[in-house]
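# Structural overview
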Amino acid sequence: MTTEHDDAGGDDAPATRSPEPDGGQDEEAHVIVVGAGPAGSAAAAHLARAGLDVLLLEKSGFPREKVCGDGLTPRAVHQLVRLGIDVNAPGWMRNKGMRWVCDGHQVELDWPTLGSLPDFGLTRSRHDFDDLLAAHARAAGARLRTHVKVTAPLSDRSGRIVGVAATRGPDKQPVTYRAPLVVAADGASARIAVALGLARDAGRPVAAAARRYYRSETRTHDPYLELWADLRCPHTGLDLPGYGWVFPLGDGRVNVGLGALPQRRSRPVDLRAAMDHWVTRLPAGWGVREENAQSPLRSAPLPMGMNRRPQYRRGLLLVGDSAGMVSPWSGEGIGQAMEAAEVAAETIALALARPDGARREHALHQYPAEIHRRWGRYYRLGNLASDLVFSRYGFRAVLRPRVMASPVLLRTLARLLTDVSAEPRRDSIDAVLHTLLRLVPTPRP
Ligand SMILES: Cc1cc2nc3c(=O)[nH]c(=O)nc-3n(C[C@H](O)[C@H](O)[C@H](O)COP(=O)(O)OP(=O)(O)OC[C@H]3O[C@@H](n4cnc5c(N)ncnc54)[C@H](O)[C@@H]3O)c2cc1C
């Protein structure tokens, strides 16, 4: 088995559509969004719906692959609904909860019925998902420009971003795009943020994850997202500081993969060896075997724990993986990217309604403030849990037999991991989670 590494958001599959016909030269807009992954397409759709002129620049063409587990928990589904995506249309595979497997035990946990969030999750291959989201942004009025690779930010004398330089098409034609505000949604590479001096917090580990598609008629309609907590690193014999997943896609395939923090915060895990070792443990009847593989094993980084800050500086807003928004609890990043995108879009719309100057700038600083209000404590606690528990002992340390036997503990843990709780609180688990988070000291914005 080979592992192909994808370190910049995975989009190197050959494009099947040609560039949009109407974008041959330099252009201007109210807002430029760099990257049409979940963060960028969601931001562009919300901005366009707010009546703004938006340019959405994407280096690849659609449809294209993105290395991902393809799993969406209720909070992410909520964002799709808020965007106006029809989640009842064909192509979506629903799940009703998670199945955790650990040391020979397994438990099924249904998503809670909270009222404020959907009570189901979804899966869809990123090949389709990102295409659909980009088309949605375009239908909302965003000007999508594919095969445009942004190479550098353009700044004025004060250091404020005023646009981006890019190359366009196979002949790499130089082109510039200008706007008073730029949303960096360019994924883990975070090229724009880096160019503007927004460095990653080196103290935060970057996890890695790998996935592979298999044909599996027996598992493709599984109503649960299956997660394995007792994986081992075959070379060291240590518990994997992460977990494995088998996610049903409903189209005859399953997405099988694993994600791991660096072992003891430094040594990267050999994902291929861990995967090879693990899949032999899966029941033969599932068909998760070499002869049914539909893709190579591919891996990519998981920038997590809000590892790049501030999320706003001098006209640039960071959204999604570019800001390291992957959850340190679960390794999910799609829902977080879309939710932050909505916050960014609303902030921009309110800011652009003010005259250029200090008052507008003040409004733009609301973006990191709101991200901090929503997630500051949750991520701080998650970072602590990932440093002290997950990176040292993996998930197995948490899913001990006593926990696996306790429905209340399991439900609480599941909702903590997936950030599924109601505000205002609806049940005793909400009360526990809210109290727990209130005990966490407020981190630095
Ligand atoms: C193996 C694996 C499994 C995962 N599983 C899950 C899961 O099941 N559920 C979940 O919620 N999350 C999962 N994640 C995390 C999730 O994939 C990311 O958090 C999510 O894709 C972040 O979205 P984004 O829009 O910020 O970045 P991306 O999805 O990376 O999108 C960035 C976009 O920007 C474009 N781009 C990059 N540079 C440029 C440039 N210079 N110019 C123009 N365009 C550019 C890229 O082509 C890409 O389209 C997984 C990650 C990995 C690696």
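Residues numbered from 1 in each chain as written. Predicted model: local features only at pLDDT ≥ 70, side-chain atom pairs only at ≥ 80, totals over all residues. Heavy atoms only, no water.

### Observations regarding the overall build of the protein chain
In terms of regular secondary structure, the protein chain is built from 11 helices and 21 strands. The C-alpha extent of the protein chain, read off along each of the three principal axes, is 60 × 50 × 40 Å. When burial is assessed residue by residue, the protein chain has 59% of its 445 residues classed as buried. Residue pairs in contact within the protein chain that sit at least 24 positions apart in sequence constitute 72% of those at least 6 positions apart. A total of about 18200 Å² of accessible surface is found on the protein chain, and carbon and sulfur atoms cover 52% of it. A gap of 6 Å separates the mean positions of the 58 positive and 49 negative side-chain charges of the protein chain. (Helix = DSSP H or I, 4+ residues; strand = E, 2+ residues; numbered from the N terminus. Buried < 20%, exposed > 50% of the residue type's maximum accessible area, 1.4 Å probe, protein only. Contact = heavy atoms within 4.5 Å. Areas by Shrake-Rupley, 256 points an atom, 1.4 Å probe, with all protein chains shown as cover. Lys, Arg positive; Asp, Glu negative; His and termini not counted. Charge placed at Lys NZ, Arg CZ, Asp CG, Glu CD.)

### Here's the deal with the sheet that holds strand 10 (residues 143-145)
The strand order across the open sheet formed by six strands is 10-4-3-14-21-20, and the pairing between neighbours is mixed. Each of the sheet's edge strands pairs with one partner strand only, and the pair in question is strand 10 and strand 20 (312-313). Here helix 1 (residues 38-49) sits on the sheet and contacts strand 3 (31-34), strand 4 (54-57) and strand 14 (181-184); the angle it forms with strand 4, its principal contact strand, is near 165 degrees. (Pairing = 2+ DSSP bridges. Axes fitted to C-alpha atoms, helices over the stretch in contact; angles between N-to-C directions.)

### Focus on the pattern of salt bridges
Scanning all chains against the criterion turns up 30 salt bridges. Between Arg211 and Glu65 there is a salt bridge, with its nearest N and O atoms 3.4 Å apart. With a gap of 146 residues between them, Arg211 in strand 15 (residues 206-215) and Glu65 in the loop between strand 4 and strand 5 (71-72) connect regions that are remote in the sequence. For Arg211, a relative accessible area of 2% gives the class buried. The partner of Arg75 in a salt bridge is Glu339, with the nearest N and O atoms 2.8 Å apart. Here Glu339 lies in helix 6 (residues 334-352) and Arg75 lies in helix 2 (residues 74-83), a separation of 264 residues in the sequence. If you follow the salt bridges from partner to partner, you end up with Arg75, Glu339, Glu370, Arg373, Arg374 and Asp419 in one network. (Salt bridge = Lys/Arg side-chain N within 4 Å of Asp/Glu carboxyl O.)

### Description of the pairing of strand 4
The alternating pattern of strand 4 places Val54 and Leu56 on one face and Leu55 and Leu57 on the opposite face, and all of these are buried. Sheet analysis places strand 3 next to strand 4, joined by four bridges and oriented parallel. Within the sheet, the bridge partner assigned to Val34 lies in strand 4 and is Leu57. Note on the crossover from strand 3 through helix 1 to strand 4: the handedness is right-handed. In the sheet, strand 4 pairs with strand 10 via three bridges, with the strands oriented parallel. From the neighbouring strand, Leu57 faces strand 10, where its bridge partner is Arg145. (Right-handed = clockwise from strand over helix to strand, strands pointing away.)

### Topic: the environment of Gly357
Turning to its location among the elements, Gly357 is positioned in the loop between helix 6 and helix 7 (358-364). For Gly357, a relative accessible area of 34% translates into the label partly exposed.

### A closer look at the sheet that holds strand 2 (residues 27-28)
Taken in spatial order, the four strands make up an open sheet running 2-13-12-11, and their pairing is mixed. Across the chains shown, the open sheet's two edge strands, defined by having one partner strand only, are strand 2 and strand 11 (148-155). Both strand 12 (residues 161-168) and strand 13 (residues 173-178) contribute to a ladder of six bridges, which runs antiparallel. Of the residues in strand 13, the one forming a bridge with Gly163 is Arg178.

### What about the confidence of the model for the protein chain?
Per-chain confidence: the protein chain averages 93 in pLDDT, with 94% of residues scoring 70 or above. Low pLDDT (under 50) marks residues 7-16, which in the prediction has 23 contacts with non-local residues, meaning those over four places away or in another chain. Interface confidence for the predicted complex, expressed as ipTM, amounts to 0.99; the pTM equals 0.95. (pLDDT = per-residue confidence, 0-100.)

### What to know about the packing of aromatic side chains
Tallying each qualifying case throughout the model produces 12 aromatic pairs. Judged by centre distance (5.9 Å) and plane angle (65 degrees), the rings of Trp228 and Trp278 are edge-to-face. Of the two residues, Trp228 is situated in strand 16 (residues 224-228) and Trp278 in helix 5 (residues 271-279); the sequence distance between them amounts to 50 residues. Residue Trp278 is classed as buried on the basis of its relative accessible area, which comes to 1%. Aromatic pair Tyr243 and Phe395: ring centres 5.3 Å apart, planes at 85 degrees, arrangement edge-to-face. Note that Tyr243 is positioned in strand 17 (residues 242-248) and Phe395 in the loop between helix 8 (366-393) and helix 9 (401-404), a separation of 152 residues in sequence. The exposure class assigned to Tyr243 is buried, which follows from its relative accessible area of 15%. Ring pairs connect the aromatic residues Trp100, Tyr243, Trp245, Phe247, Trp329, Trp375, Tyr378, Tyr379, Phe390 and Phe395, which therefore count as one cluster. The lysine or arginine in question, Arg219, covers the ring of Trp286, its NZ or CZ lying 4.0 Å from the ring centre. (Phe/Tyr/Trp six-rings, centres within 6.5 Å; stacked < 30°, edge-to-face > 60°. Lys NZ or Arg CZ within 6 Å of the ring centre and 35° of its normal.)

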